[in-house]
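# Structural overview
Chain residues, written in single-letter form:
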Amino acid sequence: MTTIALKHENTASLAEDPRTLKIRLAKAIRRKRINAFLYVLPLFLFVFVAFALPMMQMARLSVQNGAGGDILHRSQVAMKDWTGSDLPSEEIAAALVADMVEARENRTIGKVATRVNYSLPGSRSVITGTARKAKSLQAPYLEALATANPAWQDPQIWVSIRRAIAPVTPDFYLAALDLERDMDGNVVFVEPERQIYITLFVRTLILSVLITSLCLLLGFPVAYLLASLPAKYANLLMILVLLPFWTALLVRTTAWLALLQSQGVINDIFVFLGLIGNEQRLQLIYNATGTVIAMTHILLPFTILPLYSVMKTISPTYVRAAESLGAAPSVAFFRVYLPQTKPGIAAGCLLVFILSIGFYITPALVGGSDGQLISNFIALHVQRSLNWGLAAALSTILLAAILILYWLFNKLVGIDKLKLG
Amino acid sequence: MALPPYKTALQRAWHYSFRGICGLIFVFLIAPLLIVAPLSFNVEPYFSFTPGMLAFEPEAYSTRWYENIVNLGMVNPDASYAEGWWKDMWENAQWIRAIKNSFFIGIFSALIATALGTLAALGLSKPEMPFRAAITGFLISPMIVPIIVTATGMYFFYATIGIAKTYVGVIVAHATLGVPFVVITVTATLSGFDHNLTRAALSLGATPWTAFHKVIMPLILPGMISGGLFAFVTSFDDVVVMLFLGDLEQRTVPRQMWSGIREQISPTILAVATILVLFSIALLTVAELLRRRSERLQGIAK
Amino acid sequence: MKSRLRGSLLATAIGTLLSTGALAEGELTVVSWGGAYTKSQVEAHHKSFSAETGVTIRSEDYDGNIGVIRSQVESGKVTWDLVDTELAEALLLCDEGLTEVIDHAQLPAAPDGTPATEDFLPGTLHECAVASVIWTNIYAYDRTRFPNDQPTTAEDFFDLEKFPGKRGLRKIAKATLEFALIADGVEPDQVYEVLATKDGQDRAFAKLDTIKDDIIWWETGAQPPQLLADGEVVMSTAWNGRIFNAQVVENKPFEIVWDGQIWDLDLWVIPKGAPNKDLALEFLKYATSTEQLAEQARWISYGPARKSSNPLITTHAESGIQMASHMPTAPENLTRARQTDAAFWADHVVELTERFNTWLAAQ
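All values reported here derive from a predicted model rather than from experimental measurement.

Here is what the cut-offs are and how they apply
Residues numbered from 1 in each chain as written. Chains lettered and ligands numbered in written order. Predicted model: local features only at pLDDT ≥ 70, side-chain atom pairs only at ≥ 80, totals over all residues. Helix = DSSP H or I, 4+ residues; strand = E, 2+ residues; numbered from the N terminus. Rg over C-alpha atoms; globule rule 2.2 N^0.38 Å. Buried ≥ 20, exposed ≤ 12 C-beta atoms within 10 Å, placed from the backbone. Contact = placed C-beta atoms within 7 Å. Axes fitted to C-alpha atoms, helices over the stretch in contact; angles between N-to-C directions. Parallel < 35°, antiparallel > 145°, perpendicular 65-115°, else oblique. Left-handed = near helix turned anticlockwise from the far one by under 90°. Domains from an automatic or database assignment. Nonpolar A, V, L, I, M, F, W, Y, C, P; charged D, E, K, R; others polar. Expected span 1.5 Å × (residues − 1). Bend = angle between axes of the 7 residues up to and from the residue. pLDDT = per-residue confidence, 0-100. Pairing = 2+ DSSP bridges. Core = buried A, V, L, I, M, F, W, Y, C linked by C-beta atoms within 7 Å.

## Some remarks on the overall build of chain B
For chain B, the helix and strand inventory stands at 13 helices and 0 strands. Counting helices and strands in the order they occur from the N terminus, chain B gives α-α-α-α-α-α-α-α-α-α-α-α-α. Computed over the C-alpha atoms, the radius of gyration of chain B is 25 Å, more than 25% above the 19 Å expected from 2.2 N^0.38 for a compact globule of 302 residues. Reported as C-alpha extents along the three principal axes, the dimensions of chain B are approximately 70 × 70 × 40 Å. Buried positions account for 47% of the 302 residues belonging to chain B.

Spelled out as structure tokens, the structure:
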């Protein structure tokens, strides 16, 4: 359609002023660009609404306190100018009591209490317990609260409430990095027995690097063999790589459950061969070992396929030339062949690394406790502990890390060079 | 492949040990998939070969776990076929319902992904396409972003617009995950495409639709189908999005397997796994045939 | 708004197409813990209720994760009508306004006319929850693995030298920490006072540390008997009814150790905005009546929450053995036991779960 239109304009404009020609040409090109973009537009909008908007909302959720401010709306207004260095004014206390009465009736006090409890463990019972009595409290409220529960004499709980009902909060990001704000607002590490996320990020990183290296170690020889064999054999052997690739993730994880159990096939074989006694069966599953073995198996095709597609294009003449010029085979391999496989190595490794950083299903099923990755904790906070702000903060950190890697990948390899199967 | 006679003994040794290593890696790749089949016929509820199985005693094997797939959830599995057994199975059996859901969700999300993805790939392959790299990067990002992050974000967002825990929500989410595969494969088929063919068709009087239908379509069809297959498999494979966005009503096969594994790892799961391995062999065959056809066609087009 | 309408229209169309669509009238989704426990409910309640009323009951399993209820209520798409929860969770849900308030006056009276509020055991009726059974976190072992000395106390569970082998433990803080403290010598009636202090928490985790490398964690009730049967563990904490089921129905060589156990309740709750709320209430009233609770006790060894049900307990429906001595409420089983302190857990569940998860993930 565009071709015809352009042709039309070209013939029509031949007789005209060259300046108009230029303008018209520019117009035509712009129209073609718009036309090309119109093809992309439906998908662009679809991905934007179905995918990009959710990501943005998640990023917003990671700095928001949620409904706390609406539930304790009087307190939010009253606390605006309070410095937090000492006990709050009677006015604030009155606002809080009024809010508590209302929240108790609406059954929303539990929500606020849970949120305050994130920053001040143990405060949940103080708030819900006081809320239960709130209706009977009389002015002066500050004293009445202190009688209801001595915890109200400590500014700490007031500060925590103020933080919990502020519209915007850094608390979830701090928590995602094992940090918190102390009473004076300084950022400090949480107590050692509550520190976990840095450990998890580091563990995810280490296991991902380990799995990526294992995939490269196992994938490289296979890709090399496939690339060097005649097509007839290579295609046949390729099936052994593609079949796992096309098989459901959960099927492969199940297979490893069956294989790695202490009464499973692998331990049976070891016992049968006399490598270990029946009583010394190895613990290969429900720990990091299980996670690494199963994930390496699942991700291996993602290394082999890009490596293979690069190796297939490498002409054998260079290595032959090097060898005929006197290079030892190993020298020829490392100095001549290996550098040419770099794009494949980069593509395969980055792909596997990116995928393993976000793996969830396999560690959840075979990882036990020390084989859990950061993604398992994101799921935990979404589904179980319901700390959605923290889940969003952890996800956003992970997302940022992946986007940087993605950008790097694009820079080094080019996303358009990505091939499948 | 015989080795040339001039190779040294050391090189020969390396050659064969290299093949041996590769052989072991192939075993590592494929053995886990093959092991599930015999184990699924175990008469005992264990994940291990019993002595009876190793001795090939017929009574050590059984198809009870396969029957279990069909029976689970049925109101009256003992009814005769005439008494409405089939209807009962079709409507109530949990795994059957999961299979129906898997295909329904998979097919719809693959269709959406293929339609939108192909259109976009046509645009992206035009030389005039502005911001091509950035837009491609954006469209492919659902594949790169960890599934757990995607599912978390979608869960929060879809809940606010009211499509979490619905078929619409799950299908939209799966279509988004399938889009990158379609864009990649169709763009790849188009990269070998000679635009002169369209021009020739148009100059010979074909309408644009005829040109697309008769010239472009046959050439990119293998790419479309294999992209669609990828999208289908992505949906068919998914557990995480289902865990967050799906409900009992939408439960798919992998989601049902997930519950099964967490609740009680009976060999029923292995029986389902065996069926799924057979299914993936079928998918692989289709994909392979398509690839060959695509190679042939590209040869003609060039 | 318009798009949401269209979305829901489409969803309905698709649902009808699949014929697995929106729940028709007279259907009820009842959510419980799966395995032998759900079976006892299906056999005792679901079947007879369906037969009497014509209501189709759809039974779903879950693992006690109340997050699902919260996300259903908050997203406005509630699909569960009735859920079986533990006590602390039932109180949390009620606190957060996620469950319907239940009028106790509507519950059926005992056969002799005693009103339900007096017939139910103390602490089993709550604002938004009605208890059905009493169950216990016990531990069990495979006696074939210990032919000579057999474990008899909570301490033995932590004694790796005398009883080597892997242990199964439930992957939550609740009941696990109490069990560790009791095994460490804390009196059952002191346990929550100790656990409320930082030192007490340190002590519980230190005790768990002594066997940490030998623990296999379980999450659903069907797993402990499975882990024991597969030989993955030599002993495991479990819910007593599940082990009972394995003993008498599946003839497994398992033994229960009644020592240092924490007992708890299973309660029915109705999520706020449940699609078949009225029907759910009807079912709840039916399933917690005197006769029905006694009937359920013929399928699993859990004690009824009503006093009037106890005299009606007879024999196990499948094996015919007398149920009384297998009940967690039998006096001989209560020598060193403690009820879970739901108020304690409602207050501390967040921090202790956080610490528990941190402890789990740490190497």
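Here the narrative resumes, following the displayed structure.
## So, the overall build of chain A
Helices and strands together make up the secondary structure of chain A, namely 21 helices and 2 strands. Relative to its length of 421 residues, chain A is extended, with a C-alpha radius of gyration of 31 Å against a globular reference of 22 Å. In terms of principal-axis extent, the alpha carbons of chain A reach across some 95 × 95 × 35 Å. For chain A, with 421 residues in total, the buried portion stands at 47%. For chain A, the share of sequence-separated contacts (at least 6 apart) that also reach a separation of at least 24 residues comes to 68%.

## Description of the packing of helix H16 (residues 317-324) of chain A against helix H17 (residues 329-340) of chain A
Residue and element names in this part refer to chain A. Here H16 crosses H17 at 135 degrees, and the two axes come no closer than 9 Å. Taken together, the axes of H16 and H17 are oblique relative to one another. The two elements H16 and H17 meet at a crossing, and its hand is right-handed. Note on element contacts: H17 touches H16 through Pro329, Ala332, Val336 and Tyr337, opposite Tyr318, Val319, Ala322 and Glu323.

## Section: the domain arrangement of chain A
Interface size is commonly expressed as the accessible area that is lost once the parts come together. In terms of domains, chain A is made up of domain 1 (2-61), domain 2 (68-169) and domain 3 (197-417). Here domain 2 of chain A and domain 3 of chain A have C-alpha centroids that lie 51 Å from each other.

## What to know about the packing of helix H20 (residues 374-383) of chain A against helix H21 (residues 388-412) of chain A
Residues and elements named next belong to chain A. In contact at an axis separation of 8 Å, H20 and H21 are set at 150 degrees when each is read in the N-to-C sense. As judged from the angle between their axes, H20 and H21 are roughly antiparallel. Seen along the crossing, H20 lies across H21 with a hand that is left-handed. Residues Ile374, Phe377, Ile378, His381 and Val382 of H20 pack against Trp388, Leu390, Ala391, Leu394, Ser395 and Leu398 of H21. Counted by class, the contact of H20 with H21 contains 9 nonpolar, 2 polar and no charged residues.

## Looking at the interface of chain B and chain A
Contacts between the two partners involve 82 residues from chain B, matched on the other side by 79 residues from chain A. Ranked by residues supplied to the side of chain B that touches chain A, first place goes to helix H1 (residues 9-39) of chain B with 14 residues. The class makeup of the residues in the side of chain B that touches chain A is 66 nonpolar, 11 polar and 5 charged.

## Description of the domain arrangement of chain B
Segmentation of chain B into domains returns domain 1 (1-31), domain 2 (40-85) and domain 3 (93-301). A separation of 42 Å is found between the C-alpha centroids of domain 1 of chain B and domain 2 of chain B.

## Details of H1(B)
All names here are of chain B. In this model H1 runs 43 Å from its N-terminal to its C-terminal C-alpha over 31 residues, within 8% of the 45 Å that 1.5 Å per residue would give. The sharpest bend along H1 measures roughly 40 degrees and falls at Ala31, with the proline Pro32 sitting one to four residues further on. Where H1 is concerned, the buried positions are Ile25, Leu29, Pro32, Leu33, Ile35, Val36 and Leu39.

## Side note on the environment of Glu332(C)
Along the chain, Glu332(C) turns up in the loop between strand S10 (303-304) and strand S11 (337-339). Expressed as a C-alpha distance, the spacing of Glu332(C) and Thr290(C), which sit 42 residues apart in the sequence, is 24 Å.

## A word on the confidence of the model for chain B
For any part of a model where pLDDT is low, the fine detail of the predicted coordinates should not be relied upon. Averaged over every residue, the pLDDT of chain B is 87; residues scoring 70 or more account for 96%. For this predicted complex, the interface confidence comes out at an ipTM of 0.89, alongside a pTM of 0.86.

## Focus: the pairing of strand S8 (residues 235-239) of chain C
Look at any regular strand and the pattern is simple: side chains alternate between the two faces of the sheet. All names here are of chain C. Of all 5 residues in S8, 5 are buried; the element is thus mostly enclosed. Summarising the sheet, strand S5 (residues 129-142) and S8 pair through 5 bridges and their orientation is antiparallel. By the bridge assignment for S8, Tyr141 is matched with Met235. Pairing geometry for strand S6 (residues 167-170) and S8, over 2 bridges, is parallel. Along S8, the bridge assignment pairs Arg167 with Met235.

## A few points about helix H12 (residues 253-263) of chain B
It helps to recall that an α-helix has 3.6 residues per turn; residues three or four apart then point in one direction. Of all the 11 residues making up H12(B), 8 are buried; the element is thus mostly covered by neighbouring parts of the structure. Turning to H12(B), its buried residues number three or more, namely Val253(B), Pro254(B), Arg255(B), Gln256(B), Met257(B), Trp258(B), Ser259(B) and Glu263(B).

## Some remarks on unusual backbone geometry
Along the chain, Ala139(A) connects to Pro140(A) via a cis peptide bond; the corresponding omega equals 0 degrees. Looking at the element boundaries, Pro140(A) is found in the loop between helix H7 (123-133) and helix H8 (141-148). Even without being a glycine, Phe131(B) presents a positive backbone phi close to 45 degrees. Residue position: Phe131(B) is located in the loop between helix H5 (94-124) and helix H6 (132-144). The backbone of Lys165(B) sits at a positive phi, close to 60 degrees, despite the residue not being glycine. Relative to the assigned elements, Lys165(B) resides in the loop between helix H7 (147-161) and helix H8 (167-191).

## Thoughts on the environment of Pro208(B)
Turning to its location among the elements, Pro208(B) is positioned in helix H10 (residues 208-237). Spatially, the C-alpha atom of Pro208(B) lies 21 Å from that of Pro222(B), the residues being 14 residues apart in sequence.

## A few points about the nonpolar core
The biggest cluster of nonpolar side chains holds 278 residues, and the ones touching the most others in it are Ala258(A), Leu394(A), Tyr155(B), Val240(B), Leu245(B), Leu82(C) and Ala140(C). Setting aside residues up to four positions removed in sequence, Ala140(C) forms contacts with Leu228(C), Met235(C), Ser236(C), Ala238(C), Ile243(C), Phe254(C), Glu255(C), Ile256(C) and Val257(C). The next biggest cluster of nonpolar side chains, apart from the first, holds 31 residues, and it includes Ile157(A), Trp158(A), Val159(A) and Ile161(A).

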